[in-house]
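# Descriptive structure summary
What follows is each chain in one-letter form.
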Amino acid sequence: MAGYATGMEGVDMNHVPNLPGYGFRRKQKQFHKPQTFQMVNGVRVEQQEGVTFERPKFVKVAKAMDTRRHGATGKSIHSEEYPDHHAHRDATSHPAWDAFDRHVLRFYGWFQEAVVETNLENYRVRHCAILYYLEDDTCHVREKKMDNSGIPQGQLIRRHRFPGPDGGYLGWADLQVGNVLNIYGRAIQLCDCDGFTRQFYEMQGMDQMPGEPLEQDAFMKTMMKEDGPKGLPKTAERLYREVQLGGGHINTDMQQFLEWDRKVCRFYAIMDDLSMPQFERRPFQLLFFLADDTVEIREQYPLNCGRDSFPIFYRRNKLPRGPAAVHGPLDQPKGKDAHVRAEDFGVGQPVQLLGYNFFVYDADEFTRQYFSEELGTQLDPRTDVRLPERSVPRPPTPKYTGYGSWEDSMGSVHSLMPKPPKRDMVKLYEQDGKVLRFTAQFHASKVEDQDRLFVINFHLFDDTVSIHEPPQRNMGIVTGRYLEKGIHVNQITGQIFKDTDLRPGSIIKVYNREFEIVDMDEYTRKHVEEGGNIRTYDLAAVLEKIREGMRQQYPLVRDIFRRFDADKDGVITQKEFKEALNKWGFQPTTEEVLVLMRHFDVRQDGQISYNEFCDVLLDEDYTQHMLKTKPPLVQDFDPAYAERAQARAEERDETEKVRKAARAVGDVIYKQSQKFFRLFKEFSHITHHQTVTYAQIHKCLLDNGNDFDPEDIRRTVMYVLPGVNPDKVPYVAFLKAMVTSFHDLSATR
């Protein structure tokens, strides 16, 4: 054993090959269990050379202050007897992974890359960032990603320890602004660093050089906009993606939307279209929506303009200033100042939109109020932009051929698909049976025709003319019908015959025959001199005829009264009484109607009630005198009674309007229960008082989709709440009254 030990001590182990069978077993001097963790300055550190291959990196850091609290009693006996031997030191050692945790040096640089795929560029400059981690001296290089670049970007070199320029590994002292970093065949020019990196190098006594701008290639210069915003550009596509993913400025301008929703400024404008062969002035409506500052342009097509009915000239959207341009999704969106605002419009001023020149000539009442109250600007009054009417020559009416009637021929002139002519029923009813007769002779006739006489008949109800020749003794000519009844043309005037063409001494021409009017009968003379024959009636006889006719037609007086009472309101007014006389074939004047009506109206109040109607129409059941007769008819006209009858008629018309208005509003509030609560909320939101005006009631109903006349709303308020001020209506009582009084108004029978 001794020799073996001696032999082992004399052997140089460096010359022994490290192969199986050539090694010596070393004698173990310590038999404790080995440990790899040690406590260094209160930090547990792994120190095992066989595992880490090197000792952990330690750095000197400033020593922290003594955190022990001695209090008022001073130091303890242990502290006095065993003082800290390292108390005089200003720094202490810490592991780098603890002292430099999350401490990163950032450098900015660029490198060139050859481009052989295209002849538009020879090289490409790529910008990158070099990150140096002080905790373990590792680095990695990354490049900012660009959308649709077509090249791999992001992390160019993964995080690890870079090889140094002189062997070994790259350290923080090897990185300097302005130097070139050669790594794996790439030469990265360092141009700048961040503020933390400069502060770190200043603390180490190595100041960095000032930063330099990054190099740009030809492609970057074409894509770069001068003085553009730094950072990620705000493109339209980016805004769309942000909102789609739930981010972005979702509630932008929400206050403006809440205050001005459904508030629209309406301007009326024209555009002189010079692109057409014929000058045209086209009317437009410019709508500016105050909720989101969008614009919509609508074209107002005149009647028979010949254009297709596409009124939307520009769909609602934000309208940029200047001429129209097409922008892509990657273009930078424009700000509010680059779009059209409400202040850009003014009455009597031109405005250019989408490259078109519009002239604003008017605005609605809300727009004028908005400009006056919100913007402090008074709009100019309306400007008249109407063009003088062009005199379009009317094509001449073709001559009447004589085939068919005049109405049928004119129907073919006025329409491609003629319809049967309509008869004037009013004229037919008023002028039925009225015929004007004239005596005529041939004008410039032959000798044998000088003694011939003709009778021209003009029928007023349909403007037809007929001519016949009465028989004369020893004439030798066959007399009778000369011209059949029909609508004929006066060849002298070129128009159909009128009653004014037929006067004594005038000459007419029909079918190339000229006639000279000689005389007319007495009925015709009265019609011409008095402007129409006015029939006179014996009012007493008319009254008796009506009384007997009513008795024979209806067995009950109630049925007769209901037949005359058209609106079923229980009384007969002047208009209804006149219609009743017309049904019996009488055409009395207004004065005659009032005379007969006053005979029925015993109370002289301007209307006939059911009891008054029965008293005049029926005889008394029990009389005290033998053969008692009805009181005679007073045929004198009373102007005072005429005024009372007119007032009663107007009162009945107003009553009917009130009935219809209250019924229509009641159908909305009573039959639709949700409208009751909705109107109640609307009234409470409009005002904090308990009263509203009838105009506010009309506005709330209009906002809920019910369009009523404001006057009908006032009538309804005065009906359900008598005596209330229409400008101070208690809306709670109004809604209750509309519900409770709904069944008081029965429908018209």
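Everything that follows concerns the structure shown earlier in this document.
Scoring rules and cut-offs
- Residues numbered from 1 in each chain as written.
- Predicted model: local features only at pLDDT ≥ 70, side-chain atom pairs only at ≥ 80, totals over all residues.
- Heavy atoms only, no water.
- Helix = DSSP H or I, 4+ residues; strand = E, 2+ residues; numbered from the N terminus.
- Buried < 20%, exposed > 50% of the residue type's maximum accessible area, 1.4 Å probe, protein only.
- Salt bridge = Lys/Arg side-chain N within 4 Å of Asp/Glu carboxyl O.
- Phe/Tyr/Trp six-rings, centres within 6.5 Å; stacked < 30°, edge-to-face > 60°.
- Lys NZ or Arg CZ within 6 Å of the ring centre and 35° of its normal.
- 1 Å grid on protein atoms, 1.4 Å probe; cavity = no way out; pocket = protein on both sides within 12 Å on 5 of 7 lines; lining within 4 Å.
- Points joined across faces, edges and corners; volume = space filled by probe spheres on them.
- Pairing = 2+ DSSP bridges.
- Axes fitted to C-alpha atoms, helices over the stretch in contact; angles between N-to-C directions.
- Contact = heavy atoms within 4.5 Å.
- Parallel < 35°, antiparallel > 145°, perpendicular 65-115°, else oblique.
- Nonpolar A, V, L, I, M, F, W, Y, C, P; charged D, E, K, R; others polar.
- Core = buried A, V, L, I, M, F, W, Y, C linked by side-chain atoms within 4.5 Å.
- Patch = residues over 30% accessible without salt bridge, like charges linked within 9 Å, V, L, I, M, F, W, Y side chains within 5 Å.
- Areas by Shrake-Rupley, 256 points an atom, 1.4 Å probe, with all protein chains shown as cover.
- Lys, Arg positive; Asp, Glu negative; His and termini not counted.
- Charge placed at Lys NZ, Arg CZ, Asp CG, Glu CD.
- Expected span 1.5 Å × (residues − 1).
- Polar contact = N/O pair within 3.5 Å; in protein donor to acceptor, adjacent residues only side chain to side chain.

### Details of unusual backbone geometry
Negative phi is the rule for most residues except glycine; trans is the rule for most peptide bonds. Even without being glycine, Asn148 reaches a positive phi, approximately 55 degrees. Within the secondary structure, Asn148 sits in the loop between strand 7 (138-143) and strand 8 (154-160). At Gln604, a position not held by glycine, the phi torsion is positive, near 55 degrees. Within the secondary structure, Gln604 is located in the loop between helix 16 (590-600) and strand 26 (608-609). According to the relative accessible area criterion, Gln604 is partly exposed, its value standing at 27%.

### Side note on the pattern of salt bridges
For the coordinates displayed, the defined rule picks out 36 salt bridges. Between Arg603 and Asp605 there is a salt bridge, with its nearest N and O atoms 3.5 Å apart. Residues Arg715 and Glu654 are paired through a salt bridge, measuring 2.7 Å at the closest nitrogen-oxygen approach. Residue Arg715 is located in helix 21 (residues 710-720), and its partner Glu654 is located in helix 18 (residues 639-671); the two are separated by 61 residues in the primary sequence. Residue Arg715 is classed as buried on the basis of its relative accessible area of 11%. One salt-bridge network, in which partners are shared between bridges, spans Glu113, Glu121, Arg124, Arg126 and Glu143.

### Things to note about the packing of aromatic side chains
Overall, the coordinates contain 27 aromatic pairs when judged by the stated rule. An aromatic cluster is defined as three or more aromatic residues linked by ring pairs; in this entry it consists of Trp260, Phe267, Phe288, Phe345, Tyr370 and Phe371. Taking NZ or CZ as reference, Arg159 lies 3.7 Å from the ring centre of Tyr133, over its face. Cation over ring: Arg161 sits above Tyr169, and NZ or CZ is 4.2 Å from the ring centre.

### Describing empty space enclosed by the protein
Going through the model one piece at a time under the given rule, you end up with 2 cavities of 30 Å³ or more. Taken as a whole, the largest cavity spans an internal volume of roughly 50 Å³. Around the largest cavity, the lining residues are Ala662, Arg663, Gly666, Tyr719, Val720, Met738, Ser741, Phe742 and Leu745. For the lining of the largest cavity, the leading source of residues is helix 18, giving 3 residues.

### Considering the sheet that holds strand 13 (residues 294-299)
Taken together, the 6 strands give an open sheet; going across it, the order is 14-13-12-11-16-15, and neighbouring strands pair in antiparallel fashion. Where the open sheet ends on each side, the last strands, each with one partner, are strand 14 (312-317) and strand 15 (349-353). Pairs of neighbouring strands in the sheet enclose a mean axial angle of 30 degrees, with direction left out of account. Lying over the sheet, helix 9 (residues 365-373) contacts strand 11 (264-273) and strand 16 (356-363), oriented at roughly 110 degrees with respect to strand 11.

### Digging into the packing of helix 21 against helix 22 (residues 731-740)
Between helix 21 and helix 22, whose axes approach to 10 Å, the crossing angle comes to 80 degrees. The orientation of helix 21 with respect to helix 22, classified from their angle, is roughly perpendicular. On the side of helix 21, the interface is formed by Thr716, Val717 and Val720, while helix 22 contributes Phe734, Ala737 and Met738. The residue inventory of the contact of helix 21 with helix 22, partitioned by class, reads 5 nonpolar, 1 polar and no charged.

### Structural notes on the packing of helix 18 against helix 19 (residues 673-686)
Viewed as axis vectors pointing N to C, helix 18 and helix 19 meet at an angle of 95 degrees, and their least axial separation amounts to 4 Å. In terms of axis orientation, helix 18 runs roughly perpendicular to helix 19. The segment helix 18 lies against helix 19, with Val668, Ile669, Tyr670 and Lys671 engaging Ser673, Lys675, Phe676 and Leu679. Considered class by class, the residues forming the contact of helix 18 with helix 19 number 5 nonpolar, 1 polar and 2 charged.

### Section: the pairing of strand 13
Among the 6 residues that make up strand 13, 5 are buried, leaving the element largely enclosed by the rest of the structure. Sheet analysis places strand 12 (residues 280-289) next to strand 13, joined by 6 bridges and oriented antiparallel. Opposite Gln285, over in strand 13, you have Arg298 as the bridge partner. Judged from the 3 bridges that link them, strand 13 and strand 14 form a sheet pairing that is antiparallel. Counted as the bridge partner of Arg298 is Ile312 from strand 14.

### Some words on the nonpolar core
Counting 29 residues, the largest nonpolar core has Phe577, Leu596 and Phe613 as the members making the most contacts within it. The element that contributes the greatest number of residues to this core is helix 16, accounting for 6 residues. Not counting residues up to four positions away in its chain, the partners in contact with Phe613 are Met550, Val557, Ile560, Phe561, Phe564, Ile572, Phe600 and Ile608. Judged by nonpolar contacts, the second largest core, of 25 residues, contains Cys265, Val340, Leu353 and Tyr370.

### Quick notes on a positive patch on the surface
Taken together, the side chains of Arg562, Arg563, Lys568 and Lys583 make up a positively charged region of the molecular surface. Along the chain, the position of Lys583 falls in helix 15 (residues 574-583).

### Describing helix 18
Between the first and last C-alpha of helix 18 there are 47 Å, a value that for 33 residues agrees with the 48 Å anticipated at 1.5 Å per step. Burial in helix 18 covers these residues: Tyr641, Ala642, Ala645, Ala649, Val658, Ala661, Ala662, Val665, Gly666, Val668 and Ile669. Elements that come into contact with the buried residues of helix 18 comprise helix 15, helix 16, helix 19, helix 21 and helix 22. Here helix 18 starts with a cap whose side-chain oxygen sits 3.2 Å from the backbone nitrogen of Ala640, and that cap is Asp638.

### Thoughts on the pairing of strand 9 (residues 180-183)
Going residue by residue along strand 9, you find Leu181 and Ile183 tucked away on one face and Val180 and Asn182 left uncovered on the opposite face. In this sheet, strand 10 (residues 186-193) lies alongside strand 9 in antiparallel orientation, the contact comprising 4 bridges. When the sheet's bridge partners are listed, Asn182 is paired in strand 10 with Ala187. The antiparallel hairpin formed by strand 9 and strand 10 contains 2 residues in its connecting segment, where Tyr184 sits at a positive phi of about 50 degrees.

### Here we look at the side chain of Gln153
Mapped onto the secondary structure, Gln153 falls in the loop between strand 7 and strand 8. At a separation of 3.2 Å, a polar atom in the side chain of Gln153 contacts the side chain of Ser149. Dropping the residues within four chain positions of it, Gln153 is found in contact with Arg126, Glu143, Lys144, Lys145 and Met146.

Take it as geometry only, folks, not as evidence of what the structure does.
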